Protein chains: 2
Amino acid sequence: MSLNKIYVVGMGPGAYEEMTVRAVKTLEECEVIVGYTVYVDLLKEHFPGKEFMTTPMRQEVQRCRMAFEAAATGKKTAMVCSGDAGIYGMAGLMYELGEEFPQVEIEVVPGVTAAIGGSAVLGAAVGHDCALISLSDLLTPWEVIEKRLLAAAESDFVICLYNPSSKKRSDYLKKACMLMLEYKKEDTVCGIVRQIAREGEEIQLLPLNELKDIAVDMFSTVFIGNSQTKIIRGRMVTPRGYQI
Amino acid sequence: MSLNKIYVVGMGPGAYEEMTVRAVKTLEECEVIVGYTVYVDLLKEHFPGKEFMTTPMRQEVQRCRMAFEAAATGKKTAMVCSGDAGIYGMAGLMYELGEEFPQVEIEVVPGVTAAIGGSAVLGAAVGHDCALISLSDLLTPWEVIEKRLLAAAESDFVICLYNPSSKKRSDYLKKACMLMLEYKKEDTVCGIVRQIAREGEEIQLLPLNELKDIAVDMFSTVFIGNSQTKIIRGRMVTPRGYQI
C-alpha cells in the first residue's frame with residue numbers, strides 16, 4: 001500500500017458552501033493545497049494553516065507536477081480544481097502525470113461543475129439530455145469543436161458551453177451560435193450565467209439569435225436550450241416530459 | 001416578497017458526504033423533506049426531527065404537488081432528488097407545477113450528478129466534452145434517444161448513459177451500444193459504476209464490444225470513452241490534451 005496520497009478535489013463553482021462535505025473534509029485533512037492562483041485565493045480564508053502552492057493559468061502541467069512532488073515527500077496533498085475535478089479539470093492530467101510518481105496514490109473528489117451550478121441559478125436549464133462543450137481550442141482542434149456543436153444542435157441536446165470567450169477568442173461564441181442556428185430555432189431559449197455562486201453572480205435570458213451578438217467574458221457559462229426549453233417565472237426551464 | 005419557500009435539492013449520488021455544504025444547511029433549515037422513498041430513507045438518520053413525505057417511483061407529479069402543498073401551508077420545504085436537482089431531477093417539473101402555486105418561491109440547490117460522481121470513481125472518465133443521455137423512453141421517444149446516441153458517437157463525445165437498464169428495458173444498453181459502434185471503435189474504453197458512493201460501490205472497465213453483451217442494473221451508470229480515453233493504473237482516463 002502506498003503511503004503517499006494525493007487528492008484531486010473539485011471545489012464547485014466558487015463559494016465555500018457549494019463544496020461537498022467530502023471536499024471540505026479532504027482539504028481539512030491535507031497539509032498542502034495546490035491550485036490555480038485565483039481559486040486558491042478563494043479557499044485561503046476557509047482553510048487556515050495550510051501550505052498553499054499556486055501557478056498562474058496555462059501552467060497546468062507544472063502545477064500538477066508541483067503537487068506530486070509535494071505528495072512524494074509524504075505530505076498529504078490536494079490539487080484543487082474549480083467546478084468538478086474531472087470535467088475540464090485536472091484529474092485526467094493527474095493520472096497521466098502520475099505515471100512518473102507510482103508511489104503516490106490518486107483519489108478524485110467530485111464537485112459541482114458549471115453546467116450544474118449554472119443550470120440551478122438559471123432555474124432548470126439542464127433538465128434533460130445535455131452536451132457539455134468547451135469552446136477553447138487551446139487543446140482541441142476547432143474542427144472537432146465545430147463537429148460537436150453541429151451534432152449536439154441537430155439532435156436537440158441542451159448545450160452547455162464552457163470557456164465561451166477569451167480575449168483571443170472574442171468571436172467564438174458568435175461562430176458557435178451560427179453553427180447551432182443551422183439546426184436550432186432562432187427563438188431557442190438561452191441563458192448566460194456570470195460568476196456562478198460568487199460575488200457579482202448574474203443571469204441573462206435571451207433567444208439564440210440574440211445570443212450570437214452578445215459579448216460574454218471568461219467568467220460566463222452559456223446554456224442553449226433544447227426545442228422544449230421555456231421561460232417560467234423569468235427562469236430557464238427544460239422539462240423532462242412529465243404530463244401535468 | 002413571498003413568505004413560502006420551497007427548495008429543490010440535489011443530494012448527490014447517495015452518501016451524506018457527497019452533498020454540498022449548502023444542501024446540508026438547506027435540509028437542516030427545512031421542516032419538511034419530500035422525496036422518493038429510497039432517497040429519503042438515506043437521509044433520515046442525518047436529519048432527525050424532520051417531517052418526511054415520500055411517494056414511490058413513477059409518482060413524481062404527485063410527489064411534487066405534495067411538496068408544494070406542504071410549502072403553501074407555510075412550512076419550509078425541500079424536495080430532494082438523487083444526484084443533481086436539475087439533470088434528470090425534479091427542478092424542471094417543480095417550475096412547471098409551480099404555476100399552480102404562485103405564492104411559493106422556488107430555489108434550486110445543485111448537487112453532484114452521476115456523470116460526475118461516477119467519473120471520479122472510475123478515475124477521470126469524463127475529462128473532456130461529454131454528452132449525457134438517458135436510455136429511459138418513459139418520457140422521451142426512443143427515436144430521439146437513438147438520434148442523440150448516433151450524433152454523440154459520431155462526433156466523439158465521451159458519453160454517459162443514465163438509466164441504462166430496467167426490467168422492461170433489459171436490451172436497451174445493447175441497442176445503444178450497437179448504435180454507438182457505428183461510429184466508435186470496438187475497443188473504445190468503457191466503464192460501469194454501480195451504487196456510486198453507496199454500500200456495494202463497484203466498477204468494471206471493458207471495451208465497447210463487450211459492453212454490448214453485459215447486463216447492468218438500474219443502479220448503474222455507464223460511461224463510453226472518446227477516441228482518446230485510455231486505462232491508466234486500472235482507471236478510465238479521458239485526457240484533456242495537455243502535452244506532458
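Everything discussed here concerns the structure shown above.
Residues numbered from 1 in each chain as written. Chains lettered and ligands numbered in written order. Predicted model: local features only at pLDDT ≥ 70, side-chain atom pairs only at ≥ 80, totals over all residues. Heavy atoms only, no water.

## Describing the relation of the copies chain A and chain B
Rule in force here: Least squares is the method used to superpose the copies, on C-alpha atoms of residues holding a pLDDT of at least 70 in both. Whether two residues touch is decided by their heavy atoms; if any such pair falls within 4.5 Å, the residues are in contact.
Expressed as a screw operation, the relation of chain A to chain B combines 0.0 Å of axial shift with a rotation of 180°, fitting to an RMSD of 0.0 Å. Accordingly, the operation relating the two chain copies is best matched by a two-fold axis. Of all interface residues in chain A, 100% are interface residues in chain B too; the two copies therefore contact each other through one and the same surface.

## Here we look at the sheet that holds strand β12 (residues 230-232) of chain B
Residue and element names in this part refer to chain B. Note the following rule: By the convention used here, strands pair only if DSSP detects at least 2 bridges between them. In DSSP terms, a helix is any run of H or I states spanning at least four residues, a strand is any run of E spanning at least two, and both are numbered starting from the N terminus.
As summarised here, the arrangement of the three strands in space is β6-β13-β12, forming an open sheet in which the pairing is mixed. Where the open sheet ends on each side, the last strands, each with one partner, are β6 (123-124) and β12. Bridge count between β12 and strand β13 (residues 235-237): three bridges; the pairing is antiparallel. Following the sheet pairing, I231 is matched in β13 by M236.

## Re the pattern of salt bridges
Our working rule: A pairing counts as a salt bridge when a side-chain nitrogen of Lys or Arg comes within 4 Å of a carboxyl oxygen of Asp or Glu. Summary of the burial criterion: residues with accessible area below 20% of their type's maximum are buried, those above 50% are exposed, and those between are partly exposed, where the area comes from a 1.4 Å probe applied to protein chains only.
Tallied over the full model, the rule gives 33 salt bridges over all chains. Salt-bridge contacts for A:R194 lead to A:D217; the nearest nitrogen and oxygen are separated by 2.5 Å. Of this pair, A:R194 sits in strand β9 (residues 189-194) while A:D217 sits in the loop between α8 (208-211) and β11 (220-224), placing them 23 residues apart in sequence. Relative accessible area serves as the criterion here: at 25%, A:D217 is assigned to the partly exposed category. For B:K44, the salt bridge is made with B:D41, and the minimal N-O distance between the two is 3.5 Å. The exposure class assigned to B:D41 is partly exposed, which follows from its relative accessible area of 45%. Each of A:K5, A:R22, A:E105, A:E107 and B:E18 takes part in salt bridges that share partners, so that together they form one network.

## Observations regarding a nonpolar patch on the surface
Basically, it comes down to this: Any residue with relative accessible area above 30% and no salt bridge may belong to a patch, with like charges joined within 9 Å and the nonpolar Val, Leu, Ile, Met, Phe, Trp and Tyr side chains within 5 Å. Only the protein chains shown count as covering a residue, and every accessible area follows the Shrake-Rupley method with a 1.4 Å probe.
Taken together, the side chains of A:M57, A:M218 and A:F219 present a nonpolar region at the surface, about 290 Å² in accessible area. With respect to the secondary-structure elements, A:F219 resides in the loop between α8 and β11.

## Describing the packing of helix α6 (residues 142-154) of chain A against helix α7 (residues 172-180) of chain A
All names here are of chain A. Let me state the cut-off plainly: Structural elements are reduced to axes, namely lines fitted to C-alpha atoms, with helices fitted over the stretch in contact, and the angle between N-to-C directions of any two is expressed from 0 to 180 degrees. In these notes the angle categories are as follows: under 35 degrees is roughly parallel, over 145 is roughly antiparallel, 65 to 115 is roughly perpendicular, and the rest is oblique. Crossings are assigned a handedness: left-handed for a near helix turned anticlockwise from the far helix by less than a right angle, right-handed for a clockwise turn. Following the grouping adopted for this structure description, the nonpolar residues are Ala, Val, Leu, Ile, Met, Phe, Trp, Tyr, Cys and Pro, the charged ones are Asp, Glu, Lys and Arg, and the polar ones are all others, Gly among them.
For the pair α6 and α7, the least separation of the axes is 8 Å and the interaxial angle reads 40°. If you check the angle between α6 and α7, you find them oblique. Remark: the crossing between α6 and α7 carries right-handed chirality. Only Y172, K175, A176, L179 and M180 of α7 make contact with α6, whose side of the interface consists of W142, E146, L149, L150 and A153. For the contact of α6 with α7, a count of residues per class yields eight nonpolar, no polar and two charged.

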